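Notes for the structure review
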Amino acid sequence: MIAIDDKPKSHILGYPRVGLDRELKKALEKYWSRNISKNELLAQADELKLRHWNIQKNRGLDFVSVGDFSLYDHMLDHAFMFNIIPERFIKGSSSDDLDNFFRMARGKAPTGDEAHACEMTKWFDTNYHYIVPELVSNTDFKLNNPSIINDTNKAIKAGFEPKPTIVGPLTFLYLSKTKDNSDKLEFLDKLLPLYIELIKLIKQAGAKLIQIDEPILGLDLDDKWLNKMLPVYKELNNVGLPILLASYFSPILNNLNTLSSLPIVALHLDCVRGAEDIENLINNKISLPKILSLGVVNGRNVWKNNISKSLKLIDSVAKAYPEKTLWVGSSCSLLHSPIDIESEKKINAEVKLWLAFATQKVKEVVDIKSILLSPDSQSSKQIIDASDKIVESRNSSSLVNNLVVQNKISKIDEHTKKRSPFQKRKEAQQALYNLPLLPTTSIGSFPQTSTIRQARRDFKSGKISHEQYTNYMHEEIKNVVKVQEDLDMDVLVHGEAERNDMVEYFGELLSGFAFTSNGWVQSYGSRCVKPPIIYGDVQRTESMTVKWSTYAQSLTKKPMKGMLTGPLTILCWSFVRDDLTRDKVCYQISLAIQEEVLDLEKSGITIIQIDEPAFKEGMPLRTASQDAYFDWAIKSFHITANSVKDTTQIHTHMCYSEFNDIIKPIAKLDADVISIETSRSDMELLNAFEDFEYPNDIGPGVYDIHSPLIPKVDEMVILIEKAIKKIDISYLWVNPDCGLKTRGWPETKQALANMMEATDIIRKAHCK
Ligand code: GLN
Ligand code: ZN
């Protein structure tokens, strides 16, 4: 057994759960459709845990992560472990724990009995989503057979050195919600004894250390939360199991002062996202626990570590704190990384050399620690040398550097145009399009049938020719245009049948992007995403959407809306290069999309939608950094959109988030029209208009496309009337709340027909 001594150690904050071949996803989906038994599912989970411990141990980590695995989500695991199970789930006929667990996550379990699922939301600013625990006053807090104990036992028996990992009580409560908006901290008294009991059990199981995650330390915390840190950690520390407290994703800043008084053995800092903290430590010599764990290996990106740079950082901390023991770690859990670059066979060989996924990151942590132990050894020199060479090869590669693009970026302000004031544009556009009151449109995609997907696959694999594929897509477009004309919609779309994914479609046509075959990252439960990798300067080499849009326009006299994905969304949903700041990468993408905008305009497509569903996602967690983000985010949108004529109408679309608190930056985008998700929350969005007058046209979604239910005419009439009370009717549009690609045809036609009928009713009522 390893003693917590004064030698450097290596560890990671967690490993991806899903398995290299997405074994967990497959097993879960089989279990949900009752194709495998509970025992088979649990056996698959055990197999994955063991495999991941072996990867960590065999590559040389001092500890293996235990408790980071979950069958769905770790926040849900905690809620379940503390018996925070809303009543609506307990009533189900099945008393099986696992069924209740999945019912909370998904609203249903294989044995039946449905209840509306718990809310799911983004885990800080990652693309991982957690299940939000629901606290009510009569919650029967108790400890339910925590699987982490079992896993700790198993790991020890199998010869691993476990580091059990839990979400800290304050972060857990902070991320929960109370039904009645009562104070979450009131539940601390009931929760804390369970944490104490849990840590006792973990200690009894034989662990020598526990990792407790409190990532809320990276947020702008109220004093009332901060003030609880000391009493809580005093109690937890009394159990006698050494505590490694971990924060990540954002700098701790002033909250560091609180940490210095906590009775913990070790503190983990994210040295990538929290680089400011390291400077702060060095400059101010804040007093800290005995052990400092430095998260120098980025858990949220895909690039090989710049080892010389990491060593420099570690060295500066070592000089400032000579008496401390330094550990090397990943910045955060590797949950947010793909699993193994070695499994990629098709990726460009040069780019592949630059990449490190979770398995490689484990090795990097080990390597850096071994250099700390013997800086002058031959092997240390080799590791540093190899890393320097990679850095150099990336810097100088012609794959990365495109002088034309770099030159444009150096004069970026020349590409940032100002448009005429909105009113002037609105008049010019109205004179041209002559749209009726409450113009109707959709968000872009129409149902993606299995034949559409098959056609795209057949074209990609060479089974059908370019001509056959084009003919097929033209038939689809014809159909979509006819449906919209029959419904008498005002601004039509071509339906996006050619797009598999709104980022991938553009990434594949732009230079500077790479795609993996197996680089999956868990988004929620069994859902994984495969983000593109932006490795080099981004440039548009050919037009990307013009031929589809102009074909669609040729079929109708109504205006056809061109459809593009905006630069921020492309950036947010990709792994981004780390050798250029995010704003610069975003400007490059903006210039590429700007070229497409201008091409569309030249070809007669003069209503153009630039989708930015991820506009809020890119926002930093700390308020102090948010203005700077919005500055470059808005500038990126302006680069993309503002070079067009006054008569060209720019739309944008946003969804997936609550936008009320960022309505002002949204207004600054100055799109002529924005369509925005809102219907799920009964037009809650409109509250934002109480004391802020949104200046441009807006289409608050009038029905929820995520639900298979067909919206009723009178429901939509009520929603539109509600909107009219807050927003001048001459600025309002009517549209669904998002793209229709996940829906079937019959429901889509019916839903849109009802939407048109509702619009008609209101038009009649309001036209004098
Ligand atoms: N235009 C896209 C579509 O309709 C927008 C998708 C999105 O908002 N996520 O599918
Ligand atoms: Zn959307």
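I will try to describe carefully the structure that is included in this document. (Residues numbered from 1 in each chain as written. Chains lettered and ligands numbered in written order. Predicted model: local features only at pLDDT ≥ 70, side-chain atom pairs only at ≥ 80, totals over all residues. Heavy atoms only, no water.)

Time to look at the nonpolar core. Counting 126 residues, the largest nonpolar core has Phe-82, Phe-102, Tyr-233 and Leu-236 as the members making the most contacts within it. Tallying contributions element by element places helix α8 (residues 188-204) first for this core, with nine residues. Setting aside residues no more than four positions away along its own chain, Leu-236 makes contact with Pro-169, Leu-192, Tyr-195, Ile-196, Ile-199, Ile-212 and Ile-243. One finds Met-473, Ala-614, Val-644 and Ala-751 within the second-largest nonpolar core, a separate group that totals 108 residues. (Core = buried A, V, L, I, M, F, W, Y, C linked by side-chain atoms within 4.5 Å. Buried < 20%, exposed > 50% of the residue type's maximum accessible area, 1.4 Å probe, protein only. Helix = DSSP H or I, 4+ residues; strand = E, 2+ residues; numbered from the N terminus. Contact = heavy atoms within 4.5 Å.)

The next thing to look at is the coordination of the zinc ion (ligand 2). At 2.1 to 2.3 Å from the zinc ion (ligand 2) lie its protein donor atoms, namely His-653 (NE2), Cys-655 (SG) and Cys-738 (SG). Here the donor residues of the zinc ion (ligand 2) are spaced in sequence according to H-x1-C-x82-C. The two residues His-653 and Cys-655 agree in class, both being buried. (Donors = N, O, S within 2.8 Å, 3.2 Å for Na, K, Ca; no water.)

Another point: empty space enclosed by the protein. Think of a ball as big as a water molecule: rolled over the atoms, this probe shows where empty space is left. For the structure on display, the rule yields six cavities of 30 Å³ or more. Here the largest cavity is characterised by a volume of approximately 170 Å³. Considering the residues around the largest cavity, the lining is formed by 16 residues, among which His-74, Thr-165, Asp-213, Tyr-248 and Ser-333 are closest to the centre. Every element with two or more residues in the lining of the largest cavity is listed here: α3 (74-81) and β6 (162-167). Here the element with the most residues in the lining of the largest cavity is β6; it accounts for three residues. For the lining of the largest cavity, the residue count by class is seven nonpolar, six polar and three charged. What the second largest cavity holds in volume is close to 70 Å³. Lining the second largest cavity are Val-404, Val-405, Lys-408, Val-538, Gln-539, Arg-540, Gln-588, Leu-591, Ala-592 and Glu-595. When residues of the lining of the second largest cavity are traced back to their parent elements, those giving at least two are α16 (403-410), β16 (533-540) and α23 (582-602). Take the lining of the second largest cavity: its biggest share by element is four residues, from α23. Looking at the lining of the second largest cavity residue by residue, the classes come out as five nonpolar, two polar and three charged. (1 Å grid on protein atoms, 1.4 Å probe; cavity = no way out; pocket = protein on both sides within 12 Å on 5 of 7 lines; lining within 4 Å. Points joined across faces, edges and corners; volume = space filled by probe spheres on them. Nonpolar A, V, L, I, M, F, W, Y, C, P; charged D, E, K, R; others polar.)

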